[in-house]
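Here is what each chain is made of, one letter per residue.
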Protein chains: 2
Amino acid sequence: MRAALDVAAQAAAAGEVPVGAVVVRDGAIIATGANAPRRLHDPTAHAEIQAIRAAANLLGRDRLEDCDLWVTLEPCAMCAGAIAHARIARLYYGASDPKGGAVEHGPRFFAQPTCHHRPDIYAGIGEGEAAGLLRDFFTARR
Amino acid sequence: MRAALDVAAQAAAAGEVPVGAVVVRDGAIIATGANAPRRLHDPTAHAEIQAIRAAANLLGRDRLEDCDLWVTLEPCAMCAGAIAHARIARLYYGASDPKGGAVEHGPRFFAQPTCHHRPDIYAGIGEGEAAGLLRDFFTARR
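Residues numbered from 1 in each chain as written. Chains lettered and ligands numbered in written order. Predicted model: local features only at pLDDT ≥ 70, side-chain atom pairs only at ≥ 80, totals over all residues. Heavy atoms only, no water.

1. Section: helix H5 (residues 127–141) of chain B
A turn of α-helix holds 3.6 residues, and therefore any two residues three or four places apart point the same way.
Line of reasoning, step 1. Across its 15 residues, H5(B) extends 21 Å between first and last C-alpha, which sits within 8% of the 21 Å expected from 1.5 Å per residue.
Line of reasoning, step 2. Every buried residue of H5(B) is accounted for by Ala130(B), Gly132(B), Leu134(B) and Phe137(B). (Helix = DSSP H or I, 4+ residues; strand = E, 2+ residues; numbered from the N terminus. Expected span 1.5 Å × (residues − 1). Buried < 20%, exposed > 50% of the residue type's maximum accessible area, 1.4 Å probe, protein only.)

Written out as structure tokens, the structure is:
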């Protein structure tokens with residue numbers, strides 16, 4: 001999660017909402033993703049999507065059954081769907097997101113009967129620092 | 001929807017589940033997307049995501065408030081989330097998808113209080129042909 005938090009801080013420095021993600025395989029980080037929709041002109045460029053796309057491209061396949069995803073914020077519906085499509089084994093996330101999260105809030109995607117893959121889920125890891133990055137970012141922009 | 005169905009047929013010819021999408025702005029198609037997760041080694045490469053990313057890249061911004069999306073199949077949670085993030089004005093789709101759809105099934109994403117943008121939604125357009133493409137594809141692979 002340390003690496004994901006560092007990526008989130010880099011996103012903030014680039015003027016993007018600070019969320020960071022990393023994909024881990026066999027104990028090693030194989031891809032990172034920083035939230036960057038504005039900079040990349042890509043509404044799908046959330047940290048999780050960036051990290052998953054990079055990992056899949058690196059491994060040359062569209063399924064990441066042997067990979068874990070670490071992300072600083074509770075995934076939204078788009079990212080939760082991508083995590084299921086990628087068959088991510090374990091999902092570790094930091095801060096809860098009552099406004100846009102889709103794991104413990106709103107659609108509760110992984111609890112739906114139509115969800116075809118549910119990773120093992122570990123929430124609240126590095127939560128204080130992850131939430132602090134977001135709070136500082138939005139405070140500075142007000 | 002004719003153009004989206006043609007793109008779906010091309011996806012089938014490439015060995016991918018036949019789903020196609022187009023983004024329309026001011027009455028003109030500005031981007032198309034074919035479902036291609038296997039070919040591209042990208043679990044996020046659904047037709048809608050491909051079309052939205054191409055349109056946003058073309059327009060040089062991450063919001064497509066003045067664009068409509070036409071897609072041959074009911075969007076999944078990932079794609080419904082992307083449609084909301086992109087602020088798509090109108091969503092037109094063909095076949096319903098009881099197994100993976102997230103508009104009228106499962107998470108019913110746009111009906112959630114945490115959904116921050118809901119397009120106008122028109123379902124069942126070109127439904128017969130869209131469903132036929134999918135049926136033929138899966139029958140041929142059995």
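2. Structural notes on the pairing of strand S2 (residues 28–34) of chain A
Residues and elements named next belong to chain A.
Line of reasoning, step 1. Pairing geometry for strand S1 (residues 20–25) and S2, over six bridges, is antiparallel. Paired with Val23 across the bridge in S2 is Ala31.
Line of reasoning, step 2. Taking the residues that link successive antiparallel strands as the turn, the S1-S2 hairpin has two residues, and the phi of Asp26 there is positive, at about 50°. (Pairing = 2+ DSSP bridges.)

3. Thoughts on the interface of chain B and chain A
Line of reasoning, step 1. Taken together, the 30 residues of chain B in the interface contact 30 residues of chain A.
Line of reasoning, step 2. Together, the buried faces of chain B and chain A total about 2,500 Å²; carbon and sulfur atoms form 62% of this surface.
Line of reasoning, step 3. Here chain B and chain A share two salt bridges between them.
Line of reasoning, step 4. When the shortest N-O distance is used, the salt bridge between Arg53(B) and Asp42(A) registers 2.8 Å. (Contact = heavy atoms within 4.5 Å. Buried area = accessible area lost by both parts, 1.4 Å probe. Salt bridge = Lys/Arg side-chain N within 4 Å of Asp/Glu carboxyl O.)

4. Examining the UniProt feature "active site" (unreviewed entry) in chain A
Residue and element names in this part refer to chain A.
Line of reasoning, step 1. Taking the UniProt record as the reference, the feature "active site" (unreviewed entry) is found at Glu48.
Line of reasoning, step 2. Tracing the backbone shows Glu48 in helix H3 (residues 47–59).
Line of reasoning, step 3. Among residues more than four places away in sequence, those in contact with Glu48 are Ala21, Leu69, Val71, Leu73, Pro75, Cys76 and Cys79. (UniProt positions renumbered as here; feature names shortened; annotations may be inferred.)

5. Some points on the sheet that holds S2(A)
All names here are of chain A.
Line of reasoning, step 1. Taking strand neighbours across the sheet as the criterion, the five strands line up as S2-S1-S3-S4-S5 in an open arrangement whose pairing is mixed. The sheet is open, and its two edges are formed by S2 and strand S5 (120–122), each paired on a single side. Strand-to-strand, the axes of this sheet are offset by a mean angle of 20°, without reference to chain direction.
Line of reasoning, step 2. Contacts between H3 and the sheet are confined to S1, S2 and strand S3 (67–73), with S2 contributing the most and set at about 135° to the helix.
Line of reasoning, step 3. Across the sheet, helix H5 (residues 127–141) lies against S3 and strand S4 (90–95), angled at about 55° from S4, the strand it touches most. (Axes fitted to C-alpha atoms, helices over the stretch in contact; angles between N-to-C directions.)

6. A short note on the sheet that holds strand S5 (residues 120–122) of chain B
Residues and elements named next belong to chain B.
Line of reasoning, step 1. Pairing in this open sheet of five strands is mixed, and the strands run S2-S1-S3-S4-S5 from one edge to the other. With partners counted over all chains shown, the strands left at the sheet margins are strand S2 (28–34) and S5, one partner each. Each strand axis lies, on average, 20° off the axis of its neighbour in the sheet, ignoring direction.
Line of reasoning, step 2. In the sheet, strand S1 (residues 20–25) pairs with strand S3 (residues 67–73) via five bridges, with the strands oriented antiparallel. Its bridge partner being in S3, Ala21 is matched across the sheet by Val71.
Line of reasoning, step 3. Most of the contacts of H5 go to strand S4 (residues 90–95), to which it runs at about 55°, and overall it touches S3 and S4.

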